[in-house]
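Fold and contact review
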Amino acid sequence: MPRNGRDAMEEVAVRALQSLTPGGPETLSIREVDEPVPAAGQVAITVHACGVNFPDALVIEDRYQLRPTRPFSPGSELSGVVRHVGEGVMTPSVGQRVSASLPFGAMAEVVVVAADRCTLIPDNMPFDEAAAFQVTYGTVYYALVGRASIRAGEALLVLGAGGGIGLAAVELGKALGARVIAAASSQEKLDAALARGADAGVVYDRDLSNPARAKAFTQALKAACGQEGADIILDPVGGAYAEPAFRSIAWQGRHLVVGFAAGIPSIPLNLVLLKNAQLTGVFWGAWMARDPLAGAQDMRALMALYAEGRIRPLVSERYSLERGGEAIARLVSRGVSGKIVVEVISSENRTND
Ligand SMILES: NC(=O)c1ccc[n+]([C@@H]2O[C@H](COP(=O)([O-])OP(=O)(O)OC[C@H]3O[C@@H](n4cnc5c(N)ncnc54)[C@H](OP(=O)(O)O)[C@@H]3O)[C@@H](O)[C@H]2O)c1
């Protein structure tokens, strides 16, 4: 195995799931592409698994903050084994097991990323869990610690609590000493959140467009959070859920704007004033790009929590690379608890790379 870049100029083709035209998951197709070669400061990774995240569905439709030039592969997190390293890379080294996050491009057999975006993964961490770890736990840790300065004993309300971000918020909220109130659209999703440590829960309506249902949602949240309300609301859902949830916020509460799975909401600003509250944006990917050292420090803290058994991604469904489009379609169906993973190398076909 060559240590730096590729020794010979041999043409090696690898497979990638690519977006050739804007559209839904059905527009993705498998193509053979030249194996990417790492430049200085980069590494090439033989990908074993990719975590599927909501932005994968948006980026292929040109509805995300990023608009990559086509053709490109979706996928913003992966795990695998370092195959080649570019000039100047001291760590990681060839053969090491790593996970990494990247703006897009993970759904391919070989992927090049900046060396400083890689995290070594422990021997006992399976590739599927490693691929389903960085984006959700990284985002939530940054939201709770970096943006909300969470304190032990605070009431943390998590919307969409059975989803990828939601379950990570439940687990990290508990690990950081909060009282966690989980809210989700089905008993099955709520049960997943309760099994991961939530103290209380609310099952909400799948359609809150009716004002009476929205009011009932606020009342249910107030009952579950207690008299003072929610000190922190972690909101990856938005849409018709954000305002009624905000109405349950405590004095000096913080509403963390994480995502818009149900659409982009607007909240009347008088509500923010009345509770002396904060509406706080969370854009983990952009923050990581601006401050990779701080991001790496968070990732080390998260790996320590994983090693202690206090957090662990719930990988609920697995798809092959060929079926990566189906995996994305399944995520947006709103029917999944936990994380979906695309296995690029299935566990049966694993070699030592
Ligand atoms: N800010 C950041 O840095 C950052 C980083 C990563 C992800 N995100 C965002 O966070 C959000 C959640 O991402 P995720 O990967 O956790 O997704 P996910 O696993 O699919 O979870 C999203 C949850 O949203 C709820 N939901 C409500 N309406 C929905 C709809 N119309 N379609 C689909 N889901 C709906 C669902 O829960 P219920 O059915 O229980 O309502 C679902 O479990 C996305 O908007 C994503 O873009 C933001």
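**Side note on unusual backbone geometry**
Residue proline 71 is reached from arginine 70 by a cis peptide bond, and omega for that bond is -5°. Counting through the fold element by element, proline 71 comes out in the loop between helix H1 (54-59) and strand S4 (77-85). In this model, threonine 91 is joined to proline 92 through a cis peptide bond whose omega is 0°. By the secondary structure assignment, proline 92 is in the loop between S4 and strand S5 (97-101).

**Details of the state of the cysteines**
Working definition: the covalent bond between the sulfur atoms of two cysteines is a disulfide. Here the structure, examined in full by the defined rule, presents 0 disulfides. Here cysteine 118 stays unpaired: no disulfide links it, and the sulfur of cysteine 50, its closest cysteine neighbor, is 14 Å away.

**Here's the deal with the site of the ligand**
Near the ligand lie 26 residues; those nearest to it are Ile165, Ser185, Lys189, Tyr204 and Val282. Separating an oxygen atom of the ligand from a backbone N or O atom of glycine 164 is a distance of 2.8 Å. Between an oxygen atom of the ligand and a side-chain N or O atom of tyrosine 204, the distance comes to 2.6 Å. Here the ligand loses 91% of its free accessible area of 900 Å² to cover by the protein chains. Taken together, the elements giving at least two residues each to the shell around the ligand come down to H1, helix H3 (134-147), helix H4 (164-175) and helix H11 (324-332). Here the residues of the shell around the ligand are counted per class, giving 17 nonpolar, 7 polar and 2 charged.

**Points about the nonpolar core**
By size, the foremost hydrophobic cluster in this structure holds 47 residues, and its most contacted members are Phe133, Leu144, Leu172, Leu234, Leu256 and Leu302. Within the second largest apolar cluster, 35 residues are counted, among which are Phe72, Met107, Val111 and Val336.

**Description of the packing of H3 against helix H10 (residues 292-307)**
Their axes nearest at 10 Å, the elements H3 and H10 cross at an angle of 105°. Between H3 and H10, the crossing angle belongs to the class labelled roughly perpendicular. In contact with Gln134, Tyr137, Gly138, Tyr141 and Tyr142 of H3, H10 contributes Asp298, Met299, Ala301 and Leu302. Among the residues forming the contact of H3 with H10, the class breakdown is 6 nonpolar, 2 polar and 1 charged.

**What to know about the confidence of the model for the chain**
Chain-level pLDDT for the chain is 94 on average; 95% of the residues reach the 70-or-more range. With pLDDT under 50 throughout, residues 1-5 is counted as low confidence; its partners more than four residues away or in other chains account for 14 contacts.

**A look at H4**
With 12 residues, H4 extends 17 Å between its outermost C-alpha atoms, agreeing within 8% with the 16 Å of an ideal straight helix rising 1.5 Å per residue. Across the 12 residues that make up H4, a large majority, 10, are buried. Three or more residues of H4 are buried, namely Ile165, Gly166, Leu167, Ala168, Ala169, Val170, Glu171, Leu172, Gly173 and Ala175. Buried residues in H4 make contact with H3, strand S8 (155-158), strand S9 (179-184), helix H5 (187-195), strand S11 (230-235) and H10.

**A look at the pairing of strand S1 (residues 13-19)**
Taken across its 7 residues, S1 has 5 buried, putting it largely inside the fold. As paired strands, S1 and strand S2 (residues 28-34) are joined by 7 bridges and run antiparallel to one another. Each residue of the ladder has a partner; that of alanine 16, found in S2, is arginine 31.

**Looking at the environment of glycine 335**
Of note, glycine 335 is situated in the loop between H11 and strand S15 (339-343). Given a relative accessible area of 38%, glycine 335 falls into the partly exposed group. For the pair glycine 335 and arginine 117, spaced 218 residues apart in sequence, the C-alpha separation works out to 31 Å. When sequence neighbours within four positions are dropped, the list of residues in contact with glycine 335 reads Lys189 and Arg330.

**Overview of the sheet that holds strand S13 (residues 278-281)**
Sheets are built from strands paired through backbone hydrogen bonds, the pairs being either parallel or antiparallel. Read from one edge of the open sheet, 6 strands run S10-S9-S8-S11-S12-S13, paired in parallel fashion. Here the strands that pair on one side only, and so sit at the sheet edges, are strand S10 (200-203) and S13. In this sheet, neighbouring strand axes are inclined to one another by 20° on average, regardless of whether the strands run parallel or antiparallel. Looking at chain direction, S9 and S10 are connected through 4 bridges and run parallel.

Rules used throughout
- Residues numbered from 1 in each chain as written.
- Predicted model: local features only at pLDDT ≥ 70, side-chain atom pairs only at ≥ 80, totals over all residues.
- Heavy atoms only, no water.
- Helix = DSSP H or I, 4+ residues; strand = E, 2+ residues; numbered from the N terminus.
- Disulfide = S-S within 2.5 Å.
- Near = heavy atom within 4 Å.
- Polar contact = N/O pair within 3.5 Å; in protein donor to acceptor, adjacent residues only side chain to side chain.
- Areas by Shrake-Rupley, 256 points an atom, 1.4 Å probe, with all protein chains shown as cover.
- Nonpolar A, V, L, I, M, F, W, Y, C, P; charged D, E, K, R; others polar.
- Core = buried A, V, L, I, M, F, W, Y, C linked by side-chain atoms within 4.5 Å.
- Buried < 20%, exposed > 50% of the residue type's maximum accessible area, 1.4 Å probe, protein only.
- Axes fitted to C-alpha atoms, helices over the stretch in contact; angles between N-to-C directions.
- Parallel < 35°, antiparallel > 145°, perpendicular 65-115°, else oblique.
- Contact = heavy atoms within 4.5 Å.
- pLDDT = per-residue confidence, 0-100.
- Expected span 1.5 Å × (residues − 1).
- Pairing = 2+ DSSP bridges.

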